[in-house]
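# Chain and residue survey
As a plain string of letters, each chain reads:
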Amino acid sequence: MVSRSIWAGFWFLNIVFGANMTTLTFQLSRAISREWQEGDEVIVTSLDHYSNVSSWQQAAEDKNVTVHQVRVNESDCTLDLEHFERLLSDKTRLVAVTYASNTTGSIVEMQRVIEMAHQVGALVYVDAVHYAPHHLSDVPSLGCDFLACSAYKFVGPHVGIAYVADQWRHSI
C-alpha cells in the first residue's frame, strides 16, 4: 500500500495521484485558488524548484493576486525566516515551500514555516520531491495542508503523489 510505505501516519483517502508532481501541483493550484480574490497574496521561496513557483504564479496572475518570494540567506543557503515573517500578513492565502532544495540541499525548518503561515490563516503547500527520498515523514503531524512528491525519485513509477489534509479533501 503506497500511503503506508511512503509516509507514516495517514490514510489512503488523503492521497491524490497525477502524471507527475509538476502537473499535479498545477492542477491543485487551480482548485486551491478558486476562492482567491484581488488583493490576496501568495508566498513562494527562492529555494523552490520552478515547478512549485510557476503554478502558483500562474494561478495568482489569473486571480490578480500578489506573489511574494522569500529570500535565501546567502551565507548558509537557508530560507530567510525573518524575511518570510515580514512577508506574512492577513492577506496571505497560501505559502508554497520546498522541504529540501534541489539546488542547495538545504532542508527548510518546515514545522516553523507551517506554524508561522497558519498563524495568519494561510494554507501551506509543501514540495517534498527532494526530501521524501531521504526521510520518512509523519505528514499529518507535520501539519501542512498539502504535500507533494514524485514517486520516481525513490524508485517508484513516474507519477506525482500529493497528500491532501482531511479538511480540504472534499472541498477542492
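Since the structure is predicted, the reported quantities are computational estimates derived from the model, not experimental observations. (Residues numbered from 1 in each chain as written. Predicted model: local features only at pLDDT ≥ 70, side-chain atom pairs only at ≥ 80, totals over all residues. Heavy atoms only, no water.)

## A look at the overall build of the protein chain
Tallying secondary structure elements over the protein chain gives seven helices and nine strands in all. Computed over C-alpha atoms, the radius of gyration of the protein chain comes to 15 Å, within 12% of the 16 Å expected from 2.2 N^0.38 for 172 residues, which places it in the range of a compact globule. Summarising its shape, the C-alpha atoms of the protein chain cover approximately 40 × 40 × 25 Å along the three principal directions. Looking at the protein chain as a whole, 49% of its 172 residues qualify as buried. Here the analysis covers contacts within the protein chain between residues at least 6 apart in sequence; of these, 66% occur between residues at least 24 apart. On the protein chain, roughly 8,300 Å² of surface is accessible, and the fraction owed to carbon and sulfur atoms is 49%. Averaging the locations of the 11 positively and 19 negatively charged side chains of the protein chain gives two centres separated by 5 Å. (Helix = DSSP H or I, 4+ residues; strand = E, 2+ residues; numbered from the N terminus. Rg over C-alpha atoms; globule rule 2.2 N^0.38 Å. Buried < 20%, exposed > 50% of the residue type's maximum accessible area, 1.4 Å probe, protein only. Contact = heavy atoms within 4.5 Å. Areas by Shrake-Rupley, 256 points an atom, 1.4 Å probe, with all protein chains shown as cover. Lys, Arg positive; Asp, Glu negative; His and termini not counted. Charge placed at Lys NZ, Arg CZ, Asp CG, Glu CD.)

## Examining the pairing of strand E9 (residues 160–164)
Among the five residues that make up E9, five are buried, leaving the element largely enclosed by the rest of the structure. Residues Gly-160, Ala-162 and Val-164 line one face of E9 and the alternating positions Ile-161 and Tyr-163 line the opposite face, and both faces are buried. With four bridges connecting them, strand E1 (residues 15–18) and E9 associate as antiparallel partners. Within E9, the residue paired with Ile-15 across the bridge is Tyr-163. As judged from the five bridges shared by strand E8 (residues 146–150) and E9, these two strands associate in the antiparallel manner. The residue bridging Cys-149 from the neighbouring strand is Ile-161, located in E9. (Pairing = 2+ DSSP bridges.)

## Things to note about the side chain of Ser-29
By the secondary structure assignment, Ser-29 is in helix H2 (residues 21–32). Overall, the relative accessible area of 0% leaves Ser-29 in the buried class. Looking at Ser-29, its side chain comes within polar contact range of the main-chain oxygen of Phe-26, at 2.6 Å. (Polar contact = N/O pair within 3.5 Å; in protein donor to acceptor, adjacent residues only side chain to side chain.)

## Overview of the pattern of salt bridges
Going through the model one piece at a time under the given rule, you end up with five salt bridges. Between Glu-109 and Arg-112 there is a salt bridge, with the nearest N and O atoms lying 3.9 Å from each other. For Asp-166, the salt bridge goes to Arg-169, with nearest N and O atoms at 3.5 Å. Here Arg-169 and Asp-166 lie together in helix H7 (residues 166–169), a separation of three residues that amounts to about one turn. Classification of Arg-169 as partly exposed rests on a relative accessible area of 27%. (Salt bridge = Lys/Arg side-chain N within 4 Å of Asp/Glu carboxyl O.)

## Some details on the sheet that holds E8
The mixed open sheet is built from seven strands, whose spatial order is E1-E9-E8-E7-E6-E2-E3. Here the strands that pair on one side only, and so sit at the sheet edges, are E1 and strand E3 (66–70). Adjacent strand axes in the sheet meet at a mean angle of 20°, parallel and antiparallel pairs treated alike. Inspection of the sheet shows strand E6 (residues 92–98) paired to strand E7 (residues 123–127) by five bridges, in the parallel sense. Within E7, the residue paired with Val-97 across the bridge is Val-126. Packing of H2 onto the sheet brings it into contact with E1, E6, E7, E8 and E9, and relative to E7 it is tilted by some 170°. Sheet contacts for helix H5 (residues 110–119): E6 and E7; angle to E6, the most-contacted strand, approximately 170°. (Axes fitted to C-alpha atoms, helices over the stretch in contact; angles between N-to-C directions.)

## Section: the environment of Met-116
Topologically, Met-116 is positioned in helix H5. When the C-alpha positions of Met-116 and Arg-169 are compared, they lie 23 Å apart, and in sequence the two are 53 residues distant. Apart from residues lying up to four places away in sequence, Met-116 is in contact with Leu-81, Phe-84, Glu-85 and Leu-88.

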